[in-house]
Structure formats: structure tokens, C-alpha cells
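Results of the structural survey
The lines below spell out each chain.
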Amino acid sequence: MDFTFGPEVDAFRAEARQWLAANAPANALADTPAATDLRAAPDRRAWERTLGAAGWIGLGWSGTYGGNRRATLAQQVAWGEEYARAGAPVRTGHIGEKLLAPTLEAHGTPEQCERFLPPIARGEELWCQGYSEPGAGSDLAGVRTAAVRDPADGSYRVSGQKIWTSLARDADWCFLLARTEPGSRRHHGLSFLLLPMDQPGIDVRPIRQMSGAADFNEVFFDGARAVGVVGAEGGGWQVAMALLGHERGVSTLVQQIGFGRELAEVTEAARRTGADTDPMIRQRLIRLWAELRTMRWNALRTLGTADLAAPSAAKLLWSAWHQRLGELAMTVRGPSAATGPRDWTPAAPYELDAAQHLFLFSRADTIYGGSDEVQRTIIAERALGLPREPKG
């Protein structure tokens, strides 16, 4: 099988690399461990506007309602890989660009597309995703957040709680799944709503993780107003599932660039500490390298296909791989892995270096984005045709 992209993609890749070298902030990866605390990092909104002005947002869109330059799937991969290699800032606009925009193009009205897609393409409006709830994380059909339609203007008043909401403190808008049919159960009676975040009735509370960062938030809605529904009222489950289909694919290949950088750092740490003289450590390093290469070839093999099992299989592979890398990062450090990079002070009581952050954050890899148990169920039911799991 040929895994090369060809001269057209190579030219696009060269253009992307040149633009990123000239425009990407040089210290983006040094802001925080893994550059995850968006509020402590450089101005991400300004960076989104820079990307939009140069035409790098919306590469995979149809172009009917906005977006910038058109790009094939292979060119999108090339852009994402060069972005990761350049160490450019962590994106804050990716939820709107990669998840909401293609969902609106497929299920939204022309008016919704005309209203929301151009500001996303310009990098002017940021979005967050309101799916998970306490008791309805991996089991998304258990959503209890309720929304009542106002017959006067067609808006919805939303009450309930969402959790693990990335970018909720920074987002202008939220797309969320809420129960609009009282008494409905499971995936019936849910609607996909669009809600502005800057209004009364919304309380955002950061969740401090064991890594020290606060990437996620709890969001409480008390009569907040959602201004639109995507798809039919009560048909939100179909829209939500379509959106989840956009979460993986190109992003998997891009993610592997960062994994490769982390593996190189762990390998260098093993040389520095002398851990590479241990044959078991060398074996683990080589195995991780070989598995990362295999994951790339598999992602390229399934790119753009309708393989129902591919996204779930990829999630199972990379999440376990990343956890093993985090564990090895601590092993090669030896006893020093238990101490932080700086002495404790009242002003900064919780300091981690990049390897420690990798170890702690990767513990969640097999849970978020669909737990391993959920991925195995998807493969069993949708790809292998096994009997469906009983639901309570």
C-alpha cells in the first residue's frame, strides 16, 4: 500500500510549513506543561484571528457558507502535521471548526450556516461542547439537562448541568444536548441546541485536575436561553452522533506528531539518566516507537473510509499507548520523578515538569472521548454485529 501523498500535497505542505515558520509564536510549547492551561498561555483569540485572516480555518468545509481555502483530506493532514511539528499554539477554535461547522453544513438550516460559519472561519467566535453530565458521560443517552421551548419566540430555556466542558470559560457559544420532551428516556426526546455563553443563568466552575491544570469545567444552567435547534426538535441524538463522527480521522494523525515529540523527549531522558543501559527499558522504548509507526500506517489506511470500527480501534490503540509512554517517562527518571522542578512556595505550591504532566494527564486517556469499555461495545455492536448490550 502506498502511504505517500504526492507532489500536490507536498507543495501544500511546503506552503504551510513556510507560513507557520514566519507566523507561529516561537514559545508556544513553553507556556505551560504541554501548553494546556489556555488562560496562562499567549492570546489564543489573537492567534485564531491570525489563522482565519490567512485562510487556514475551515480547510475541509464545502465553501458554500464561508471558510477559506479549499483542501483535500490529504492536504488537511499535511496542514495538521506541520502545525504540530511547528509547536504552534494549542487551538481554541477547533471545536467550532472541526465539530460544529461540518455538523451545521449537514444538519443546520441555511440561516444557521450563514450566521455561524463565517465568524468561526475568521477566528472571531469560540465554541464549547455541552454533552457529558454527572451520570451521563460515557452513557450519553442518560442526559438529564432539560430545555423548555418558549412559543413566543421559539427559544429554549435550559436548566441542568454539564461537566468536563473544555473551553467553557473562554467560549462565546455552546452547542449542547438537552431533553426537550418531558418524560422521554434514553436517546428519544433530545434536541441539539445553540446557546450564547455570555448571559445570565450560566455559572462556569473550573475543575482542577491532579496534573495541576484546569482544562475542564462544570457548567450550570438556570434558565439560560438557547436561540436555536439544529435538526428537528427531539432529533438531537442523530445530530449528536453525526458530530461525534467528526472527532477522529485527521486529528488522529496530527495527534501522533505530538506523541512522537514526547517519545523523543522520553528517549533523551533515558540517555541522560543512563536508564537506556537497562535492556528492559530499551525494549519498551523500541516497542513504543514501533507501535507509534504502526498507528500512523493504520490511520493512513483507514483515512476517509467508512470503516465503522476504525475510530474506536484507533482510540483504544492510542489511549493505552500514551499511558504506557507516561509510565515509562517516570521510570527513566528514577527517584527524581517524585519531585517537582521547583521548590514549594505558597505562591506556586503545585509545579510539574512536562514528563510529570504527561504521566498524570495520560491517566485520563482511556476515559475521556469515550471510555475503553464504550469503544469495545461500539466495535462489538456496530462492526461485528454482536448482540446489543442490555440497557437499564
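Presented here is an overview of the structure given in this document.

1. Let's talk about unusual backbone geometry
- Its identity is not glycine, yet W164 carries a phi of approximately 60°, on the positive side.
- Within the element layout of this structure, W164 appears in the loop between strand 3 (156-162) and strand 4 (173-179).
- Of the residues examined, W164 reaches a relative accessible area of 49% and is grouped as partly exposed.
- Non-glycine residue L167 carries a positive phi angle of around 65°.
- Checked against the element boundaries, L167 lands in the loop between strand 3 and strand 4.

2. Examining the pattern of salt bridges
- Using the criterion set out here, one finds 22 salt bridges in the structure.
- Linking E125 and R115 is a salt bridge whose minimum nitrogen-to-oxygen distance equals 3.1 Å. You can see E125 sitting in the loop between helix 5 (110-121) and strand 1 (127-130) and its partner R115 sitting in helix 5, a full 10 residues away along the chain.
- Overall, E125 belongs to the buried group, its relative accessible area being 17%.

3. Quick notes on helix 4 (residues 94-107)
- Between its first and last C-alpha, helix 4 extends 19 Å over 14 residues, near the 20 Å set by a 1.5 Å rise per residue.
- The largest bend along helix 4 reaches roughly 35° and is located at L100, with the proline P102 sitting one to four residues downstream.
- Where helix 4 is concerned, the buried positions are I95, G96, E97, L99, L100, A101, P102, T103 and L104.

4. Quick word on helix 1 (residues 7-23)
- Over its 17 residues, helix 1 runs 24 Å from end to end, which matches the ideal 24 Å to within 8%, given 1.5 Å per residue.
- Listed as buried for helix 1 are V9, F12, R13, A16, W19 and L20. Projected onto a plane normal to the axis of helix 1, the buried residues spread over an arc of 130° and lie on a single side. For helix 1, the exposed residues lying more than 90 degrees away from the buried face are P7, Q18, A21 and A22.
- Where helix 1 is buried, its residues touch helix 2 (44-53) and helix 3 (73-85).

5. As for the packing of helix 4 against helix 5
- Interaxial distance between helix 4 and helix 5 falls to 10 Å at its minimum, and their mutual angle equals 160°. Between helix 4 and helix 5, the angle falls in the class roughly antiparallel. Along this stretch, helix 4 crosses helix 5, giving a crossing that reads as left-handed. Across the interface between the two elements, G96, E97, L100, A101, L104 and E105 from helix 4 touch Q112, C113, F116, L117 and I120 from helix 5.

Conventions used here
Starting from 1, residues in each chain are numbered consecutively following that chain's sequence as written. The model is predicted, so local features are restricted to residues of pLDDT at least 70 and side-chain atom pairs to those at 80 or more, both for listing and for counting; the totals for chains, interfaces and linings are taken over all residues. Heavy atoms throughout the structure, all of them, feed into the side-chain values; hydrogens and water do not. In this description a helix means any DSSP run of H or I spanning at least four residues, a strand means any run of E spanning at least two, and both kinds are numbered starting from the N terminus. Any residue under 20% of the maximum accessible area for its type is buried, any over 50% is exposed, and the rest in between are partly exposed; the area is computed with a 1.4 Å probe on protein chains only. We define a salt bridge as a side-chain nitrogen of Lys or Arg found within 4 Å of a carboxyl oxygen belonging to Asp or Glu. What a helix should span is 1.5 Å times the count of its residues minus one. To obtain the bend at a residue, axes are fitted to the seven residues ending there and to the seven starting there, and the angle between these axes is taken. What the arc describes is the spread of directions from the helix axis to the C-beta atoms. Contact criterion: two residues are considered in contact whenever any of their non-hydrogen atoms come within 4.5 Å of each other. A fitted line through C-alpha atoms serves as each axis, taken over the contacting stretch for helices, and the angle formed by two N-to-C directions is quoted from 0 to 180°. For classification purposes, an angle smaller than 35 degrees is called roughly parallel, one larger than 145 roughly antiparallel, one from 65 to 115 roughly perpendicular, and anything else oblique. It is the rotation of the near helix from the far one that decides the hand of a crossing: anticlockwise by less than a right angle makes it left-handed, clockwise makes it right-handed.

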